[in-house]
Structure formats: structure tokens, C-alpha cells
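Listed below, chain by chain, are the residues.
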Amino acid sequence: MTSTTLDAPALERLVAAAVAAPSLHNTQPWHFRLDTDTRTVRIDAAADRALRHTDPVGRAVHLSVGCAVLNLRVAAAHFGWEPVTRLLPCPDRPALLATVRLTESVRGAPSTGLYEAVWRRHSSRFPFSGQPLPSDLLAELTEAAHLEGATLRFPGRDDTDRVLSATREAEWRNRADADRAAESRRLVSGPHSPWLGLPAAVLGPQDALERIPMRDFGAHRHPDLLRARAFETRPVLALLSTAHDRRTDWLRAGQALERVLLLATRHGVRASLLHQAMEWPDLRRALDGLPVDGPRVHTQMVIRLGYGPEGPASPRRPMEEVMEGDE
């Protein structure tokens, strides 16, 4: 913890931490505004960043903003503020997804180490070693999701195969859907802002054994055009879910997702997001009942975890593009 003075450099650091959050195809679908009278940061959805074919109902936008909110909370606590968060605070303003009010912290809190992880967390779409994760770490990750009102499940062998099968089917559909394929290509090969989308270096290879269906952002029709490497034989997958499927649940799921990712980063564990099945309602529903002997929930994300290369960072929009004028 450093200072509770909300000057321009502190505000810039808070927003930079929020912007470091992951988003679908690195669309960064958020705008920030500071209400100086109440020291409240507002986070609005950026309509021009939505993917209307891949994410027609905006669920992924809410997850992305939820991730940004968690990063903002972590940074605020690091700088000595007590963040007070409200989700969907104005029913008549649907684009306003969250507010974070910065109040003076009256009690010292031990460092969680998550603030440092904000700057080191990157999606890694590369092969992992296959080394299993320690059981105590799996328990920590599960508790991290629970703190944000979500559930993290680690499917067994048969259920992992079902998750991979659903993801593989979704990836095939995405490649065959002309609108979705064009949307994906546009955010890889442009034209777009140099601060948005995915540079070629972060895309990673395909699985040579075709076991793990990594997303083909270029939407190629011919797999032989894609570079391939052998991936881990038994991937560690986690299913992040919520009890309900409302907009507030999507925002909570985003905060839970980012807390899990930051904790994994702090422990040297890499992650990539297998979101494809989340983009097709029938395939997403098929995952809601896994494990088959558990309660039915609403799956919000499939996370692949493991030890491996960190992966390069994707670009982020500068402060002047994401921060609107003070109120």
C-alpha cells in the first residue's frame, strides 16, 4: 500500500490495472469515468467494441467488464482505498455496468500479491507441460471463485472429454459461420486500432493431435494451413459457473474469473480460455450439468490451466482512449 491521495497518477494507475483485464478477442469493451465529488469510478460498456455475431446478448462483454472491475478493486486496495462496488446501479442506464467508490481504508489489510499479478497475467495459448496442479492449489482456486459468488469445478476424465467435445464442435461451427469467421479475422488481421485485437505472436499453434481445440482466430477452412504442435495429453480444465444466469451473474462471474486467473499467475500457473462452447446456447447448456452427478448450474467459462510458457502480452488501449472526462 502506498498512498490514499487520488491524484492523476494514482487514477491513471487504477484505470491501467482495470484495462489489463482479459476480454473476448481483446476487444476491451469498456469506458471509465470518474465522479470527483464522490470519488466513484464508473465503468460503462463500449457499444462499439461488441461482437454482435459472436456475443449477440453481450454476456462476454459483462464478463470482460467484471474482470476489469476486479482488477480495479485489487489496485484500489493496493493503493490504500476501500473499494465499494455496485453492479448495474442504474436500471435506466443499461450501459452502466458497475461503479466502484473509493473510500478511505481504516484498517490495514495484508497484501494478497494479486496486484503484482495484474501486470504479469497473460493468456497463454501454447502447449503446457502436462504436470498436474497440486491439490491445495486447486482448493485455493476454488475458494477464489467462491469469494466472488461463483463456483469452480474441475471435471474428471470423462467429463473433461465431454467439455473438449463440446468445444471442438463449437470451434467447427465458428469456422463454418461466415459472419463469426469474418468478425474473428477482423480482430487479428485488421484494419483496427493498434491497441485492439490480437497480434500474430499471441495466437499460438493448434494441437497437432487435435485433442485440445484451440481457437483458430484466422478462421481458416483448411487445418493444414495452421501451424501445429503437440499439446498436453490430459489438460487440466476448470468450469466456472454461477447459480443463475442474469446480467449481475455475468459480472460476478467476470470478477471470479479474474481472481482465479490472478491467483494462478501468482503461483506460476498459466491459463487460456476455451470460450467457444459458451458462444452456442445448446453447447453451453450441455456443460451446465457437468459433473453429471452435481447440481445444474450455468457455465460461464472453460479455463485451461497448466505449467508452460507465459505467452506474450496483447496490446492495451491508452488512458486517453478509455477514460472520459471528469464529472
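Up top is the structure these notes are about.
Residues numbered from 1 in each chain as written. Predicted model: local features only at pLDDT ≥ 70, side-chain atom pairs only at ≥ 80, totals over all residues. Heavy atoms only, no water.

1. Remarks on the overall build of the protein
Here is step 1 of the chain: Scanning the protein from terminus to terminus reveals nine helices and ten strands.
Here is step 2 of the chain: In terms of overall dimensions, the protein is globule-like: its C-alpha atoms have a radius of gyration of 19 Å, near the 20 Å expected for 327 residues.
Here is step 3 of the chain: C-alpha atoms of the protein, sized along the principal axes, occupy 55 × 45 × 35 Å.
Here is step 4 of the chain: Within the protein, the fraction of its 327 residues that count as buried is 54%.
Here is step 5 of the chain: Considering only residue pairs separated by 6 or more positions, the protein has 79% of its internal contacts joining residues 24 or more positions apart.
Here is step 6 of the chain: Both charge centroids of the protein, one from 42 positive and one from 41 negative side chains, sit 2 Å from each other. (Helix = DSSP H or I, 4+ residues; strand = E, 2+ residues; numbered from the N terminus. Rg over C-alpha atoms; globule rule 2.2 N^0.38 Å. Buried < 20%, exposed > 50% of the residue type's maximum accessible area, 1.4 Å probe, protein only. Contact = heavy atoms within 4.5 Å. Lys, Arg positive; Asp, Glu negative; His and termini not counted. Charge placed at Lys NZ, Arg CZ, Asp CG, Glu CD.)

2. A look at the environment of P291
Here is step 1 of the chain: Mapped onto the elements, P291 comes out in the loop between α8 (281-288) and β10 (298-306).
Here is step 2 of the chain: Apart from residues no more than four positions distant in its own chain, P291 is found in contact with R153 and D159.

3. Considerations on the sheet that holds strand β4 (residues 96-104)
Here is step 1 of the chain: The strand order across the open sheet built from four strands is β1-β2-β4-β3, with neighbouring strands paired in antiparallel fashion. Looking along the sheet, the strands with just one partner apiece sit at the ends: β1 (30-35) and β3 (81-87). Direction aside, neighbouring strands of the sheet carry axes that sit 20° apart on average.
Here is step 2 of the chain: As defined by bridge partners, β3 adjoins β4 across seven bridges and the pair is classed as antiparallel. (Pairing = 2+ DSSP bridges. Axes fitted to C-alpha atoms, helices over the stretch in contact; angles between N-to-C directions.)

4. Some points on the pattern of salt bridges
Here is step 1 of the chain: The final tally for this structure, using the stated rule, is 20 salt bridges.
Here is step 2 of the chain: The shortest N-O distance in the salt bridge between D159 and R162 comes to 2.6 Å. Here R162 and D159 lie together in helix α5 (residues 157-176), a separation of three residues that amounts to about one turn.
Here is step 3 of the chain: Overall, the relative accessible area of 8% leaves D159 in the buried class. (Salt bridge = Lys/Arg side-chain N within 4 Å of Asp/Glu carboxyl O.)

5. Quick look at the nonpolar core
Here is step 1 of the chain: Of all hydrophobic cores here, the largest spans 61 residues; its most connected members are W30, F32, I43, L240, I303 and L305.
Here is step 2 of the chain: In terms of residues, this core owes the most to one element, helix α2 (residues 59-78), which gives eleven residues.
Here is step 3 of the chain: Non-local contacts of L305, meaning those with residues more than four positions away in its chain, are made with F128, L133, L141, F154, V236, A238, A264, V269, R270 and A271.
Here is step 4 of the chain: The next biggest cluster of nonpolar side chains, apart from the first, holds 17 residues, and it includes V163, W280, L290 and V302. (Core = buried A, V, L, I, M, F, W, Y, C linked by side-chain atoms within 4.5 Å.)

6. Some remarks on the pairing of β4
Here is step 1 of the chain: The buried count for β4 comes to seven of nine residues, which makes it a mostly enclosed element.
Here is step 2 of the chain: Of the strand pairs in this sheet, strand β2 (residues 40-45) and β4 are connected by five bridges, and their pairing is antiparallel. By the bridge assignment for β4, D44 is matched with L96.

7. Looking at helix α1 (residues 8-19)
Here is step 1 of the chain: Compared with an ideal rise of 1.5 Å per residue, which puts twelve residues at 16 Å, α1 spans 16 Å between its outermost C-alpha atoms and is within 8% of the ideal.
Here is step 2 of the chain: By the burial criterion, the buried members of α1 are A10, L11, L14, V15, A17, A18 and V19.
Here is step 3 of the chain: The secondary structure elements touched by the buried residues of α1 are β1, α2, β4, α3 (114-120) and α9 (319-322).
Here is step 4 of the chain: Where α1 begins, the capping side chain belongs to D7, and its oxygen is found 2.9 Å from the backbone nitrogen of A10. (Expected span 1.5 Å × (residues − 1). Polar contact = N/O pair within 3.5 Å; in protein donor to acceptor, adjacent residues only side chain to side chain.)

8. Points about the packing of α1 against α2
Here is step 1 of the chain: Closest axis-to-axis distance for the α1/α2 pair is 7 Å, and the angle between their directions is 145°. Along this stretch, α1 crosses α2, giving a crossing that reads as right-handed. Contacts between α1 and α2 involve L14, A17 and A18 on the former and, on the latter, A68, N71, L72, A75 and A76.
Here is step 2 of the chain: In terms of residue class, the contact of α1 with α2 is built from seven nonpolar, one polar and no charged. (Left-handed = near helix turned anticlockwise from the far one by under 90°. Nonpolar A, V, L, I, M, F, W, Y, C, P; charged D, E, K, R; others polar.)

9. Overview of the sheet that holds β10
Here is step 1 of the chain: If you walk across this open sheet you meet the four strands as β5-β8-β10-β9, and the pairing is antiparallel. Because the sheet does not close on itself, it has two edges, and the strands there are β5 (151-153) and β9 (270-273). In this sheet, neighbouring strand axes are inclined to one another by 30° on average, regardless of whether the strands run parallel or antiparallel.
Here is step 2 of the chain: Packing of helix α7 (residues 247-266) onto the sheet brings it into contact with β5, β8 (236-242), β9 and β10, and relative to β10 it is tilted by some 10°.

10. Digging into the packing of aromatic side chains
Here is step 1 of the chain: Within the structure shown, the criterion is met by two aromatic pairs.
Here is step 2 of the chain: Measuring from centroid to centroid gives 5.7 Å for F79 and Y115, while their planes differ by 85°, and the two rings are edge-to-face. With F79 in the loop between α2 and β3 and Y115 in helix α3, this residue pair connects regions lying 36 residues apart in the sequence.
Here is step 3 of the chain: Given the relative accessible area of 10%, Y115 is considered buried.
Here is step 4 of the chain: Ring centres 5.8 Å apart and planes at 85° place the aromatic pair Y115 and W119 in the edge-to-face group. Of this pair, Y115 and W119 both sit in helix α3, four residues apart, which is roughly one turn of the helix.
Here is step 5 of the chain: What makes W119 partly exposed here is its relative accessible area of 29%. (Phe/Tyr/Trp six-rings, centres within 6.5 Å; stacked < 30°, edge-to-face > 60°.)

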